[in-house]
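What follows is each chain in one-letter form.
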Amino acid sequence: MGRIECLASGLIYKNPKPHVKSIHAYFPSVVSMSNGEMLATIALGEAFESVDSHTYISRSTDNGNSWTLEGKIYPGTAERLTSDYARITDLGNGELVVFMVRSDRSEHPNEGLTNPQTLGFVPTELLLLRSKDFGRNWSEPQAITPPLVGPSFEICAPITVLSDGRWVISTQTWPGWDGRCPNGIRMVGLVSHDNGRSWPEYMDVMHSDDREIYYWESKIVEMNDGRLLAVAWAYDAESACDLPNHFAISEDGGKSWSNPIATDLQGQTLTPYVLDDDKILFVYRRMDKPGLWAGVSRIEANRWVTEYQYPLWGEKVSGLTRISHKKRLFF
């Protein structure tokens, strides 16, 4: 594709010739690096579930005002038909790690990512890619062997590096194409003790024993007092409706978690950032009002208390809110 530069608009990517070729950009993941640059991974493809969706790198040297698309993060798979999506983490001093889910489309080249009859996913692989030079060169994908059978897994969060050195991938088990899901659909945190070389254990974070509730698009962050906070978009499959976003707390490093607790937020893809006073800065796509919103909350006696929130984008755009009645995609 070559290098494509977006002028000072803040846009990570804009299709330079939409009248010639359909290219959609989605699932951005952005880090700010110690050299003053920002780096983003994005998925580019001709459609949301197209088989040509792949991860690209885009760079900004002016605090995000303009971006230059540098190309695919790796060449791809010549022997198989695959698509991929990724999230990026800055490890400091120019070191970066990308968590990628690669989907094998070989057996279903004319289908989307999920089976409409079973909600099962195409076969997936979990991968890591690494850079030691601020994302200018990348290693070949390194396979992750998960400590439980998914058989497929969701991707919505980058790797979280905890203060004790552990790496955590927040994800959810997902049925295979035939609908088989031997461990049930549950939010888990895959854990590595050796900087991603092996993943021998997992945290069992959110699941429902008495109702079919899915905890999609989850995130795990560490609070200043050492507690772990998990957040997720909750969906009640039995009644086919969205629930408020839920959260859970671990006070023992992820060995045990509180029961999932409803927040006062109604949305998708809730992303939390812990502030110095342990309040939570969050960004999410609201479902009760249009647009992308940010706000500040606090955890008070196992309650999520939102102090305020403001629209970032799309508040006046129609057609952005819709309560789910059937979920097909999980990214």
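Right, let's walk through the structure included here. These numbers come from a predicted model, not from an experiment.

### Remarks on the overall build of the protein
Now for step 1: In terms of regular secondary structure, the protein is built from zero helices and 23 strands.
Now for step 2: The C-alpha radius of gyration of the protein comes to 19 Å, within 12% of the 20 Å expected for a compact globule of 331 residues.
Now for step 3: Seen along its three principal axes, the alpha-carbon backbone of the protein occupies a region of about 50 × 45 × 45 Å.
Now for step 4: For the protein, the share of sequence-separated contacts (at least 6 apart) that also reach a separation of at least 24 residues comes to 51%.
Now for step 5: Here the protein displays about 15,200 Å² of accessible surface, and carbon together with sulfur accounts for 49% of that area.
Now for step 6: Of the side-chain charges in the protein, 32 are positive and 42 negative, and the distance between the mean point of each set is 4 Å.

### Concerning the pattern of salt bridges
Now for step 1: Enumeration over the complete set of coordinates arrives at 15 salt bridges.
Now for step 2: Across the pair R227 and D225 runs a salt bridge, and its minimum N-O distance is 2.8 Å.
Now for step 3: With a closest N to O distance of 2.8 Å, R298 and E300 form a salt bridge.
Now for step 4: Each of E79, R80, R102, D104 and E125 takes part in salt bridges that share partners, so that together they form one network.

### Some thoughts on a nonpolar patch on the surface
Now for step 1: Nonpolar side chains collect at one region of the surface, where L292, L312, W313 and V317 lie side by side and expose about 390 Å² of accessible area between them.
Now for step 2: Here W313 shows up in strand β23 (residues 303-313).
Now for step 3: Residue classification places W313 among the exposed residues on the basis of a relative accessible area of 54%.

### Quick word on the sheet that holds strand β22 (residues 292-300)
Now for step 1: The strand order across the open sheet formed by four strands is β20-β21-β22-β23, and the pairing between neighbours is antiparallel. Here the strands that pair on one side only, and so sit at the sheet edges, are β20 (267-274) and β23. Taken pair by pair, the neighbouring strands of this sheet meet at an average axis angle of 25 degrees, ignoring direction.
Now for step 2: For strand β21 (residues 280-286) and β22, the ladder comprises six bridges, and the chain directions are antiparallel. Residue pairing in the sheet places V283 in a bridge with A294 of β22.

### A short note on the nonpolar core
Now for step 1: Grouped together as the largest cluster of nonpolar side chains are 31 residues, with contacts concentrated most on F99, L128, I159 and W199.
Now for step 2: Within the residue set of this core, elements represented by two or more residues are β2 (24-32), β7 (95-104), β8 (124-131), β12 (167-174), β13 (187-192), β15 (213-222) and β16 (228-236).
Now for step 3: The next biggest cluster of nonpolar side chains, apart from the first, holds 17 residues, and it includes Y215, L228, A230 and A234.

### Quick word on the pairing of strand β4 (residues 54-60)
Now for step 1: Most of β4 sits inside the fold, with seven of its seven residues counted as buried.
Now for step 2: Neither face of β4 is left uncovered, since the one carrying H54, Y56, S58 and S60 and the one carrying T55, I57 and R59 both have all their residues buried.
Now for step 3: Summarising the sheet, strand β3 (residues 38-45) and β4 pair through seven bridges and their orientation is antiparallel. Within the sheet, the bridge partner assigned to A43 lies in β4 and is T55.
Now for step 4: As defined by bridge partners, β4 adjoins strand β5 (residues 67-72) across four bridges and the pair is classed as antiparallel. Of the residues in β5, the one forming a bridge with S58 is L69.
Now for step 5: The hairpin turn running from β4 into β5, its antiparallel successor, is six residues long, and N63 in that turn takes a positive phi close to 60 degrees.

### Some remarks on a negative patch on the surface
Now for step 1: Taken together, the side chains of D209, D210, E212 and E238 present a region of like negative charge at the surface.
Now for step 2: Turning to its location among the elements, D210 is positioned in the loop between β14 (201-206) and β15.

### Notes on the packing of aromatic side chains
Now for step 1: Per the counting criterion, the structure on display carries 14 aromatic pairs.
Now for step 2: Here Y26 and F48 contribute two aromatic rings whose centre-to-centre distance is 5.2 Å and whose plane-to-plane angle is 50 degrees, an arrangement assigned as tilted. Of this pair, Y26 sits in strand β2 while F48 sits in the loop between β3 and β4, placing them 22 residues apart in sequence.
Now for step 3: Looking at F48, the relative accessible area reads 40%, which means it is partly exposed.
Now for step 4: Ring plane angle 40 degrees and centroid distance 6.4 Å describe the contact between Y26 and Y85, whose orientation is recorded as tilted. A residue pair is termed long-range when its members are at least 10 positions apart, and Y26 in strand β2 and Y85 in strand β6 (residues 82-92) qualify at 59 residues.
Now for step 5: The class for Y26 is buried, based on a relative accessible area of 10%.
Now for step 6: Counting every residue linked through ring pairs, the aromatic cluster contains W174, Y214, W216, W233 and Y235.
Now for step 7: Taking NZ or CZ as reference, R286 lies 4.4 Å from the ring centre of W293, over its face.

Conventions and cut-offs
Residues numbered from 1 in each chain as written. Predicted model: local features only at pLDDT ≥ 70, side-chain atom pairs only at ≥ 80, totals over all residues. Heavy atoms only, no water. Helix = DSSP H or I, 4+ residues; strand = E, 2+ residues; numbered from the N terminus. Rg over C-alpha atoms; globule rule 2.2 N^0.38 Å. Contact = heavy atoms within 4.5 Å. Areas by Shrake-Rupley, 256 points an atom, 1.4 Å probe, with all protein chains shown as cover. Lys, Arg positive; Asp, Glu negative; His and termini not counted. Charge placed at Lys NZ, Arg CZ, Asp CG, Glu CD. Salt bridge = Lys/Arg side-chain N within 4 Å of Asp/Glu carboxyl O. Patch = residues over 30% accessible without salt bridge, like charges linked within 9 Å, V, L, I, M, F, W, Y side chains within 5 Å. Buried < 20%, exposed > 50% of the residue type's maximum accessible area, 1.4 Å probe, protein only. Pairing = 2+ DSSP bridges. Axes fitted to C-alpha atoms, helices over the stretch in contact; angles between N-to-C directions. Core = buried A, V, L, I, M, F, W, Y, C linked by side-chain atoms within 4.5 Å. Phe/Tyr/Trp six-rings, centres within 6.5 Å; stacked < 30°, edge-to-face > 60°. Lys NZ or Arg CZ within 6 Å of the ring centre and 35° of its normal.

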